[in-house]
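Close look at the chain arrangement
Listed below are the residues making up each chain.
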Amino acid sequence: TVSGQHNAGAGGWLPAVFRMAEWDADLDHIIPSAVLPPFWAKLVVGFVSLLCFARSYDGDFVFDDSEAIVNNKDLRAETPLGDLWHHDFWGSRLSSNTSHKSYRPLTVLTFRVNYYLAGGFHPASFHVVNILLHGGVSVLLVDVFSVLFGGLHFTSKGRRLNLAPRSSLLAALLFAVHPVHTECVAGVVGRADLLGALFFLLSFLGYCKAFRETHKEGTHSTLWVLLSVLLGAVAMLCKEQGITVLGLNAVFDILVIGRLNVLEVVRKMLRRDRSLESPGLLRNGGLLFRVALLAVGAAAALYVRWELMGTGPPAFTEVDNPASFADSVLVRAINYNYYYSLNAWLLLCPWWLCFDWSMGCIPLIKSAGDWRVIALAALWFCLIGLIRQALCSEDSHKRRILSLGLGFLIIPFLPASNLFFRVGFVVAERVLYLPSAGFCMLLTFGFGALSKHTKKKKLIAALVLGILLLNTLRCMVRSGEWRSEEKLFRSALSVCPLNAKVHYNVGKNLADKGNQTAAIRYYREAVRLNPKYVHAMNNLGNILKERNELQEAEELLSLAVQIQPDFAAAWMNLGIVQNSLKRFQAAEQSYRTAIRHRRKYPDCYYNLGRLYADLNRHVDALSAWRNATALKPEHSLAWNNMVILLDNTGNLAQAEAVGREALELIPNDHSLMFSLANVLGKSQKYKESEALFLKAIKAHPNAASYHGNLAVLYHRWGHLDLAKKHYEISLRLDPSASGTKENYGLLRRKLQQMQKKNV
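Just so it is clear, the model here is predicted, and its values are computed rather than measured. (Residues numbered from 1 in each chain as written. Predicted model: local features only at pLDDT ≥ 70, side-chain atom pairs only at ≥ 80, totals over all residues. Heavy atoms only, no water.)

Comments concerning the overall build of the protein chain
Along its length, the protein chain carries 34 helices and zero strands. With the C-alpha coordinates of the protein chain rotated into their principal frame, the extents come out at 125 × 55 × 50 Å. Looking at the protein chain as a whole, 52% of its 759 residues qualify as buried. For the protein chain, the share of sequence-separated contacts (at least 6 apart) that also reach a separation of at least 24 residues comes to 65%. Treating the 82 positive side-chain charges of the protein chain as one cloud and the 59 negative ones as another, the clouds have centres 3 Å apart. (Helix = DSSP H or I, 4+ residues; strand = E, 2+ residues; numbered from the N terminus. Buried < 20%, exposed > 50% of the residue type's maximum accessible area, 1.4 Å probe, protein only. Contact = heavy atoms within 4.5 Å. Lys, Arg positive; Asp, Glu negative; His and termini not counted. Charge placed at Lys NZ, Arg CZ, Asp CG, Glu CD.)

Pasting the structure below:
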């Protein structure tokens, strides 16, 4: 029978213990006895897990890290801590219609602590925490697997016995080195999955402790059950799937503690045995009470979570999850199952890994004649075989291990399955972090079964060792790819060549590095693969605008806003292009449309101000720039343009007031210092003007105009030697500056006249 919580002195469980020990001994040729003591087993697992992903410690912030960390205001000290409980993972308000609804405040809190302790956005400190968390999860799994493989047994003193040391160590090693974990460990945003897994495992181990505190079979500690529920809620506040641990706890309780024998129940049903009317499971009040506590705890946590979401589930687009938008229920079902088979393949052969599997990476299966249907058949053939063995095997030990392994594989995956709600991805390696523990458990069981039924035990040992070494090397290589966006994005080109987002990200990375020609090529490919990819059109239009290819830029941006009419950034960029084409009325209309769709858009107000300045509508220009600075007080360009416009129109007093206001808000902006210094010089406030010029030059010593205008100030002021010095520096920095040449010539003639006069 399946053994539950017993005292070590009880005799009823000895046959089961012998079967476990005999089964675990089948792995003795793979796992040496020297590392079996718990301390050494955990040390080995911890070391290997850190070794696999150590290469990622000095990586950059890549991919989603930019939005979740670098651009997330919730990490900064000026944001009240209370806001974390009302914002999503990306820093947006949960009540917003545009919110992603990913509610992970405890994960964001760890980012904030990281930011504070590191003194800023230093990626290494964030990566080190992730690597250590993976090590901690891998070490915890040694204890978890020892319970799942060996059952729950305690000595008379309450110490838990590990009846499957080899199995638990091998499964933990397979988990520690699995390459599919690279996204969670090397990508900083993967901390959500790491923390969720950590508290998931602590909740499970806490639930096991509920049976340690008592020595009478069938009893439990309610306090530990409640603590397990609390830890499950904490796991959910790190990553949504953390709450599924309560389901796993219930399955464990029913199978291991309650000792439900499904095979026996089925047989009685077939024989219409009257003993089914009051099965032992239903008579077990303690079990029912514990399962009720788990159910109530899960329901309460999910209810609170739903209330916090405010506006309901997030709105995803067809490119995020195309199968969920298919009209036919059959097409949806076939594709969902194909996605499951791809996830299974990533667990079985984690060689083709990609940071993003959306946007055409996996084309829809639209007919039963598609050869990929074979993958579905293979998946369900294996699953049905495992489920049949888990339910119907005569060996109770085999039934328990397979049932718990399948439970650990399937239950944490359910939130990502599209069964209960639409998810925003096709395949995501990060969601396999917890389910992979179930896979490693089943794989370990398979190796044990192979060892038992074959005489070539050395071959099995070599196979296991080869898998561990290959996976370790793959982790190291993949960790290197996650160190920079360039390597990460390029690595995806061979895995998902049909993914428009991959080409878009490669192009964006090239554009950021100034390689516009190559960037254009990748942006064009992204638009070819997805003709409705408005972000690729917007970025391509921007580059073409900078290269003065205005006609094509306007066509692309016009198409982007036609496809997505509320795309504010594309409207603004379209306005900039139209302004360059001297189509001022159309440009103004585009800017106004952008502002209508995004009311707080300082950059758009700035560009609108530039349009008005070109049209000599000075009052409107000043008003637009004032709006920009009201929305973004550190908007240097808007402040500068206000000062320059007021200066050029002879409003020196107002220009001075605006310049001083701007420098109070942005005291270290050298361009503002320069603009205000020019105004003060014209107002004959030479001393103060000189101080600002010198401060600006100290901040930016190679600006020829700074030296040239300071020379003009000295020229007016009568400090001719200093004027000569700065004219010469300016001309050395920019020999083609005609105005400076002319002024320098005037100064030299004046100095020559003075010399003649003195003679």
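From this point on, the discussion continues.
Here's the deal with the UniProt feature "repeat: TPR" (unreviewed entry) in the protein chain
Under the UniProt annotation, "repeat: TPR" (unreviewed entry) lies at residues 500–533, 534–567, 602–635 and 704–737. With 79% helix and 0% strand, residues 602–635 has its two end C-alpha atoms placed 8 Å apart. (UniProt positions renumbered as here; feature names shortened; annotations may be inferred.)

Concerning the state of the cysteines
With the rule as written, the count across this model stands at one disulfide. Each sulfur in the disulfide pair Cys 361 and Cys 496 lies 1.8 Å from the other. Classification of the bridge connecting Cys 361 and Cys 496 rests on its S-S torsion, roughly -40 degrees, and on that basis the disulfide is left-handed. Of this pair, Cys 361 sits in the loop between helix 14 (329–348) and helix 15 (373–392) while Cys 496 sits in the loop between helix 19 (485–493) and helix 20 (500–512), placing them 135 residues apart in sequence. The same class applies to Cys 361 and to Cys 496, which are both buried. No disulfide involves Cys 184; its sulfur sits 12 Å from the nearest other cysteine sulfur, which is in Cys 475. (Disulfide = S-S within 2.5 Å.)

What to know about the side chain of Asn 499
One can find Asn 499 in the loop between helix 19 and helix 20. Owing to a relative accessible area of 0%, Asn 499 belongs among the buried residues under this scheme. A polar atom in the side chain of Asn 499 sits 3.0 Å from the backbone oxygen of Ser 358. Sequence-distant contacts of Asn 499, defined by excluding residues within four places in its chain, comprise Asp 356, Trp 357, Ser 358, Met 359, Cys 361 and Leu 529. (Polar contact = N/O pair within 3.5 Å; in protein donor to acceptor, adjacent residues only side chain to side chain.)

Some details on helix 32 (residues 704–717)
If you check helix 32, its first and last C-alpha atoms are 20 Å apart, about what 14 residues at 1.5 Å a residue would give, namely 20 Å. Listed as buried for helix 32 are Ala 704, Tyr 706, His 707, Gly 708, Leu 710, Ala 711, Leu 713, Tyr 714 and His 715. Looking at the residues trailing helix 32, positive phi occurs at Gly 718, about 95 degrees. (Expected span 1.5 Å × (residues − 1).)

Regarding the pattern of salt bridges
Taken as a whole and assessed by the stated rule, the structure comprises 26 salt bridges. Across the pair Asp 356 and Lys 501 runs a salt bridge, and its minimum N-O distance is 3.3 Å. Of this pair, Asp 356 sits in the loop between helix 14 and helix 15 while Lys 501 sits in helix 20, and the two are 145 residues apart along the sequence. The partner of Glu 486 in a salt bridge is Lys 513, and the shortest N-O contact between them spans 2.6 Å. Of the two residues, Glu 486 sits in helix 19 while Lys 513 sits in the loop between helix 20 and helix 21 (516–529), which places them 27 residues apart along the sequence. Classification of Lys 513 by relative accessible area gives exposed; the value is 54%. A single salt-bridge network, built from bridges that share partners, covers Glu 656, Arg 660, Lys 685 and Glu 688. (Salt bridge = Lys/Arg side-chain N within 4 Å of Asp/Glu carboxyl O.)

Considering the packing of aromatic side chains
Inspection of the entire model under this criterion finds 23 aromatic pairs. Relative to Phe 126, the ring of Phe 111 has its centre 6.4 Å away and its plane inclined at 45 degrees; by these criteria the two rings are tilted. Taken together, the residues span a long stretch of sequence, with Phe 111 in helix 4 (residues 105–118) and Phe 126 in helix 5 (residues 123–150) at a distance of 15 residues. The two residues Phe 111 and Phe 126 agree in class, both being buried. What links up through ring pairs into an aromatic cluster is the set Phe 61, Phe 89, Trp 90, Phe 111, Tyr 115, Phe 121 and Phe 126. (Phe/Tyr/Trp six-rings, centres within 6.5 Å; stacked < 30°, edge-to-face > 60°.)

With respect to the side chain of Lys 239
Tracing the sequence through the fold places Lys 239 in the loop between helix 9 (222–238) and helix 10 (245–257). Under the relative-accessibility criterion, Lys 239 is labelled buried at 8%. Among the polar contacts made by the side chain of Lys 239, one reaches the side chain of Asp 193 at a distance of 2.5 Å. Sequence-distant contacts of Lys 239, defined by excluding residues within four places in its chain, comprise Arg 104, Ala 192, Asp 193 and Gly 196.

Focus: the environment of Asp 143
Structurally, the position occupied by Asp 143 is in helix 5. With sequence-adjacent residues up to four places away left out, Asp 143 is seen in contact with Lys 42, Arg 160 and Leu 205. Looking at Asp 143, its side chain comes within polar contact range of the side chain of Lys 42, at 2.9 Å.

A look at the packing of helix 32 against helix 33 (residues 720–733)
The contact between helix 32 and helix 33 brings their axes to 8 Å, and the two run at 160 degrees. Taken together, helix 32 and helix 33 sit at an angle that is classed as roughly antiparallel. The way helix 32 lies across helix 33 gives a crossing that is left-handed. Along its contact with helix 32, which presents Ala 704, His 707, Gly 708, Leu 710, Ala 711, Val 712, Tyr 714 and His 715, the element helix 33 presents Leu 720, Leu 722, Ala 723, His 726, Tyr 727, Ile 729, Ser 730 and Leu 733. Considering only residue class, the contact of helix 32 with helix 33 consists of 11 nonpolar, five polar and no charged. (Axes fitted to C-alpha atoms, helices over the stretch in contact; angles between N-to-C directions. Parallel < 35°, antiparallel > 145°, perpendicular 65-115°, else oblique. Left-handed = near helix turned anticlockwise from the far one by under 90°. Nonpolar A, V, L, I, M, F, W, Y, C, P; charged D, E, K, R; others polar.)

Examining unusual backbone geometry
Despite not being glycine, Phe 63 shows a phi value in the positive range, around 50 degrees. Locating Phe 63 in the fold gives a position in the loop between helix 2 (38–53) and helix 3 (65–70). The exposure class of Phe 63 is buried, given its relative accessible area of 17%. Not every positive phi belongs to a glycine, and Gln 684 is a case in point at roughly 65 degrees. For Gln 684, a relative accessible area of 60% gives the class exposed.

A look at the nonpolar core
In terms of nonpolar packing, the biggest core is built from 209 residues, with Phe 204 and Phe 252 touching the most fellow members. When residues in this core are grouped by element, the largest group, 11 residues, is from helix 5. Residues within four places of Phe 204 in sequence aside, it is in contact with Val 144, Val 147, Leu 148, Val 245, Leu 248, Asn 249 and Phe 252. Of all hydrophobic cores here, the second largest spans 12 residues; its members include Ile 69, Leu 75, Phe 89 and Val 108. (Core = buried A, V, L, I, M, F, W, Y, C linked by side-chain atoms within 4.5 Å.)

Here we look at the environment of Val 431
Secondary-structure assignment places Val 431 in the loop between helix 16 (396–410) and helix 17 (435–453). Exposure remark for Val 431: the relative accessible area of 6% places this residue in the buried category. Spatially, the C-alpha atom of Val 431 lies 8.4 Å from that of Pro 412, the residues being 19 residues apart in sequence. The residues touching Val 431, leaving out its near neighbours within four places in the chain, are Asp 193, Gln 241, Phe 413, Ala 416 and Phe 425.

Digging into the packing of helix 14 against helix 15
Geometry of a packed helix pair, given as the angle between the helix axes and the separation of the axes. In contact at an axis separation of 9 Å, helix 14 and helix 15 are set at 65 degrees when each is read in the N-to-C sense. The angle between the axes of helix 14 and helix 15 places the two elements in the roughly perpendicular class. The handedness of the crossing between helix 14 and helix 15 comes out as left-handed. Residues Ile 334, Asn 337, Tyr 338, Tyr 340, Ser 341 and Ala 344 of helix 14 lie in contact with helix 15, whose contacting residues are Ala 375, Leu 376, Leu 379 and Trp 380. For the contact of helix 14 with helix 15, a count of residues per class yields eight nonpolar, two polar and no charged.

Here's the deal with the environment of Leu 751
Inspection of the secondary structure assignment puts Leu 751 in helix 34 (residues 738–758). A C-alpha to C-alpha distance of 9.1 Å links Leu 751 and Asp 721, two positions 30 residues apart in sequence.

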